[in-house]
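Analysis of the macromolecular model
Each chain, letter by letter, is given below.
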Amino acid sequence: MTKLTFGISMSLDGFIAGPNQTLEEALGRGGEKLHEWAFAATAWRKSHGMSGGENNADSDVIEESLRNTGATLMGRRMFSGGGDEPPFHHPVFVLTHHAREPLTLQGGTTFTFVNDGIESALEHAKAAAGDKDVLVGGGASVVQQYLKAGLLDEMDIHVAPVFLGDGVRLFENLGPQLREIECMRVIESPAVTHLRYRVVK
């Protein structure tokens, strides 16, 4: 059965991007530090057309996500096209307020722009994913919308040993309804702690 999941790096004080986000510094001041564990991993580098890297538990986590994901959902601000050959290699559905024709790029990535709500985008993504999972790629607002709507099944949170002090928080704007979650696994490495939670329906 296709699951709706997300995987995101977070600071120890709860931020997924630093303060003062700009076009040049999309993750805000200090935000790049959250992803250093991934940048060093063989699986991440390979998916971005690069060689080298470290074969370790972090790389295994990335490889598992790549293997299990059949489609990705993301917000309009996160969409940048990713160059001529973005690293997704599967269909990507972009939540937007403006209609636009699909954009097909090299490497098997087609960006489809959905302007009639999160449920519609999820329906399209599940159809495209087949028997694989749908990943919410971000940003925080999109993750919050799916969590608030009770549509998320699992959460992979990669906690980096970094304090950002300010920025974009992951768990905000969720409303008064508390959701029960269940810890499924913890994987530790020197650079990051990987936490997986199941959202109890």
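In short, a report on the structure. (Residues numbered from 1 in each chain as written. Predicted model: local features only at pLDDT ≥ 70, side-chain atom pairs only at ≥ 80, totals over all residues. Heavy atoms only, no water.)

1. Quick look at the pairing of strand S3 (residues 69–75)
Counting buried residues in S3 gives 7 out of 7 residues, a clear majority hidden from the surface. Here 5 bridges tie S3 to strand S7 (residues 133–138), and the two strands are oriented parallel to one another. Bridged to Leu73 within S7 is Val136. Note: S3 against strand S4 (residues 92–95), 4 bridges, orientation parallel. Note on S4: the bridge partner recorded for Leu73 is Phe93. (Buried < 20%, exposed > 50% of the residue type's maximum accessible area, 1.4 Å probe, protein only. Helix = DSSP H or I, 4+ residues; strand = E, 2+ residues; numbered from the N terminus. Pairing = 2+ DSSP bridges.)

2. Concerning the environment of Ser47
Structurally, the position occupied by Ser47 is in helix H2 (residues 42–47). Spatially, the C-alpha atom of Ser47 lies 7.8 Å from that of Phe88, the residues being 41 residues apart in sequence. Ignoring any residue separated from it by four or fewer positions in sequence, one finds Ser47 in contact with Leu66, Pro87 and His89. (Contact = heavy atoms within 4.5 Å.)

3. Considerations on unusual backbone geometry
Gly139 follows Gly138 through a cis peptide bond whose omega is 0 degrees. Mapping Gly139 onto the fold places it in the loop between S7 and helix H5 (140–148). Of note, the phi angle at Asn173 is positive, near 60 degrees, even though the residue is not glycine. Assignment of secondary structure puts Asn173 in the loop between strand S9 (168–169) and strand S10 (181–188). We classify Asn173 as exposed; its relative accessible area is 58%.

4. Examining the environment of Phe93
Along the chain, the position of Phe93 falls in strand S4. Its relative accessible area of 6% is what places Phe93 among the buried residues. On a C-alpha basis, the gap between Phe93 and Thr110 in space is 8.3 Å, while along the polypeptide they are 17 residues apart.

5. A word on the pattern of salt bridges
Going through the model one piece at a time under the given rule, you end up with 6 salt bridges. Two residues, Lys3 and Asp133, come together in a salt bridge whose shortest N-O distance is 3.4 Å. Residue Lys3 is found in the segment before strand S1 (4–11), and its partner Asp133 is found in strand S7; the two are separated by 130 residues along the sequence. On the basis of relative accessible area, Asp133 is assigned to the buried category, the value being 11%. Between Arg185 and Glu64 there is a salt bridge; the shortest N-O distance is 2.7 Å. Of this pair, Arg185 sits in strand S10 while Glu64 sits in helix H3 (residues 57–68), and the two are 121 residues apart along the sequence. Among the residues examined, Arg185 registers a relative accessible area of 23% and is labelled partly exposed. On the basis of relative accessibility, which here comes to 16%, the residue Glu64 falls in the buried class. Bridged by salt links that share partners, the residues Glu64, Asp156, Arg185 and Arg196 form one connected network. (Salt bridge = Lys/Arg side-chain N within 4 Å of Asp/Glu carboxyl O.)

6. What to know about the sheet that holds strand S6 (residues 109–114)
Reading across the sheet, the 9 strands line up as S5-S6-S4-S3-S7-S1-S8-S11-S10 and stay open at both edges, with mixed pairing between neighbours. With partners counted over all chains shown, the strands left at the sheet margins are strand S5 (103–105) and S10, one partner each. Shown here is a sheet whose adjacent strand axes are inclined to one another by a mean of 20 degrees, direction ignored. Across 6 bridges, the pairing between strand S8 (residues 154–160) and strand S11 (residues 193–199) is antiparallel. Directly across from Ile157, in S11, lies its bridge partner Leu195. Against the sheet, H3 makes contact with S3, S7, S8, S10 and S11, and its axis sits at roughly 95 degrees relative to S3, the strand it touches most. (Axes fitted to C-alpha atoms, helices over the stretch in contact; angles between N-to-C directions.)

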